[in-house]
Amino acid sequence: MRTTAPIPPIWDPPRAGRRRFRWTMLCLGVLAVVAISIAAFPLWTSREDKVAWESMCQSNLQQIVNGLSSYQEVHGRSPPRVLRDAEGKPLQSWRQLLLPLVENTDLIRINEDWDSRHNSQWYRETGYIFTCPIHDENGRDTSGVTNYFMLVEEGANEDNLQSDEFVIVELTSTTPWIAPVDKTLQDLRAELTSSVQYQYNGHPNGVHVATGDGVYFLTNREFRRVQIDSVQKLIAYLRRVSG
């Protein structure tokens, strides 16, 4: 019976060389796994951070809604949107009246301008609940600022808020939280219909919106599709879609 001699391997390293070869390949495999994990880690953490930011933002807005409700229970009426002096000069925002309820602090003097010497020393140390956490995570100076605004009608002069007929929106612009500054439906429309994605927004496909009924997420596409030309229509739409 004729047999065929085995074909010698192209390269047959000595036993010690084979051991070194196996260890080398094992180390290269481990390094490859580590490199892939490091490359994928930012993507994984960004998703986790996004979920955490959205949850914290919703929590902030819900606490603000609860603070408005608590104010009404304590005082028998809703807070004024703007605090004014005896001559009608705007002094501070409605947020100031909620501060003792949501942060249990009364460092701000309510009868002074928001940027008075005393108030300027303290408002940057308070009001953290009035800012979405994504602003802080992206390196912006969030001390003493807010990106949560009450929506008001264009040209409205009414300072009093209705018990549950209000809308608080999260925008990318900021202002000192104590300043008597709010936004209009036009400001919301400009942000939601902009073709430029928000540089500092962890949830760039829409904005969080809070009413007396709860907190919602209003998407860009949704806002474009629905014809909303007043704050009351926005409230009615949110109630309808929430069931």
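All of these numbers come straight from a predicted model, not from anything done at the bench. (Residues numbered from 1 in each chain as written. Predicted model: local features only at pLDDT ≥ 70, side-chain atom pairs only at ≥ 80, totals over all residues. Heavy atoms only, no water.)

Draft legend 1. Representation of the overall build of the chain. Broken down by element type, the chain carries seven helices and seven strands. What you see in the chain, going N to C, is helices and strands ordered as α-β-β-α-α-α-β-β-β-α-β-β-α-α. The burial tally for the chain puts 40% of its 243 residues in the buried class. Within the structure as shown, the chain displays about 14,600 Å² of accessible surface, and the carbon and sulfur contribution to it stands at 53%. (Helix = DSSP H or I, 4+ residues; strand = E, 2+ residues; numbered from the N terminus. Buried < 20%, exposed > 50% of the residue type's maximum accessible area, 1.4 Å probe, protein only. Areas by Shrake-Rupley, 256 points an atom, 1.4 Å probe, with all protein chains shown as cover.)

Draft legend 2. Up close: the pairing of strand E2 (residues 90–93). By the bridge criterion, three bridges tie strand E1 (residues 82–84) to E2 in an arrangement that is antiparallel. Opposite Leu83, over in E2, you have Gln92 as the bridge partner. (Pairing = 2+ DSSP bridges.)

Draft legend 3. Expanded view of the side chain of Ser230. Tracing the sequence through the fold places Ser230 in the loop between helix H6 (220–225) and helix H7 (231–241). Under the relative-accessibility criterion, Ser230 is labelled buried at 16%. One polar contact links the side chain of Ser230 to the main-chain amide nitrogen of Lys233, over a distance of 3.1 Å. Leave out the neighbours within four places in its chain, and Ser230 touches Glu153 and Leu185. (Polar contact = N/O pair within 3.5 Å; in protein donor to acceptor, adjacent residues only side chain to side chain. Contact = heavy atoms within 4.5 Å.)

Draft legend 4. Expanded view of the sheet that holds strand E4 (residues 168–176). The strand order across the open sheet formed by five strands is E5-E3-E4-E6-E7, and the pairing between neighbours is mixed. Edge positions in the open sheet fall to strand E5 (183–184) and strand E7 (214–219), since each of these has one partner strand only. Summarising the sheet, E4 and strand E6 (residues 206–211) pair through two bridges and their orientation is antiparallel. By the bridge assignment for E6, Ile168 is matched with Ala210.

Draft legend 5. Here's a closer look at helix H2 (residues 94–102). With seven of its nine residues buried, H2 lies for the most part within the structure. Among the residues making up H2, those that are buried are Trp94, Arg95, Gln96, Leu97, Leu98, Leu99 and Val102. Asn104 sits one or two residues past H2 and shows a positive phi near 55°.

Draft legend 6. Region of interest: the packing of aromatic side chains. Per the stated rule, a full pass over the model turns up two aromatic pairs. On the numbers, 5.8 Å between centres and 70° between planes, the contact of Trp114 with Tyr123 is edge-to-face. Given a relative accessible area of 5%, Tyr123 falls into the buried group. An angle of 25° between the planes, with centres 5.4 Å apart, marks the rings of Phe130 and Trp177 as stacked. With Phe130 in the loop between helix H3 (117–122) and helix H4 (133–137) and Trp177 in the loop between E4 and E5, this residue pair connects regions lying 47 residues apart in the sequence. The burial state of Phe130 is the same as that of Trp177; both residues are buried. Between Lys183 and the ring centre of Phe149, over which it is positioned, the NZ or CZ distance is 5.1 Å. (Phe/Tyr/Trp six-rings, centres within 6.5 Å; stacked < 30°, edge-to-face > 60°. Lys NZ or Arg CZ within 6 Å of the ring centre and 35° of its normal.)

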